[in-house]
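# Report on the structure
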Amino acid sequence: MTQQYPLLDKINLPADLRRLSRSQLPDLCAEIRQFLLTSVSQSSGHLASGLGTVELTVALHYIYHTPEDKLVWDVGHQAYPHKILTGRKQQLQSIRQKDGLHPFPWREESEYDVLSVGHSSTSISAALGLAVAAQRQSLRQKVVSIIGDGAMTAGMA
């Protein structure tokens, strides 16, 4: 890609993100949004869901120490910014392509993808199970469920 991303180019994993100052985060979010628009427009995918979770995703990876802390996505299309920040930025334009990135979080794709999901409405129960298991093992791990209003009315939610 010919676009320049001064902050995003320095980030390959969430640990890199946590090295930024809080004042840099709004500029990073703008770069992620532009990167997402450029990447997905070259292939295919769902733009709106990911565009709507940019700030949330940056905040979650900034505050929590992933992959030790677990982020459980409910709606896979919302996780495109998550993929960008977790080592898959250069492959994003391959999303939904043969041998490309999976369009949803996929356990086999990344240690940052805790649960393989699409639109399952299972993030709350999965996160609860992970939290109880961590507690029983005396782990200091935090677990977050990311679920939107549409998923709250379906499935196990």
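How each quantity is defined
- Residues numbered from 1 in each chain as written.
- Predicted model: local features only at pLDDT ≥ 70, side-chain atom pairs only at ≥ 80, totals over all residues.
- Heavy atoms only, no water.
- Helix = DSSP H or I, 4+ residues; strand = E, 2+ residues; numbered from the N terminus.
- Buried < 20%, exposed > 50% of the residue type's maximum accessible area, 1.4 Å probe, protein only.
- Contact = heavy atoms within 4.5 Å.
- Expected span 1.5 Å × (residues − 1).
- Arc of directions from axis to C-beta.

The topology assignment puts Pro105 in the loop between helix H5 (80-88) and helix H6 (123-136). Looking at Pro105, the relative accessible area reads 2%, which means it is buried. In this structure, the C-alpha to C-alpha distance between Pro105 and Ser94, residues eleven residues apart in sequence, is 14 Å. Excluding anything up to four places from it in sequence, Pro105 contacts Trp73, Gly76, Ala79, Lys83, Asp113, Leu115, Ser116 and Val117.

Moving on: H6. Since the α-helix turns once every 3.6 residues, residues separated by three or four places project in the same direction. An ideal rise of 1.5 Å per residue puts 20 Å on 14 residues; H6 measures up with 20 Å between its terminal C-alpha atoms. Where H6 is concerned, the buried positions are Ser123, Ala127 and Ala134. Burial along H6 is one-sided: seen end-on, the buried residues are contained in an arc of 25°. Exposed residues pointing more than 90 degrees away from the buried face of H6 are listed as Leu128 and Arg136. Next to the buried residues of H6 lie strand S1 (70-73) and strand S2 (143-146). Of the residues trailing H6, Ser138 is marked for its positive phi of about 60°.

Limitation: the analysis is restricted to geometry and does not speak to function.
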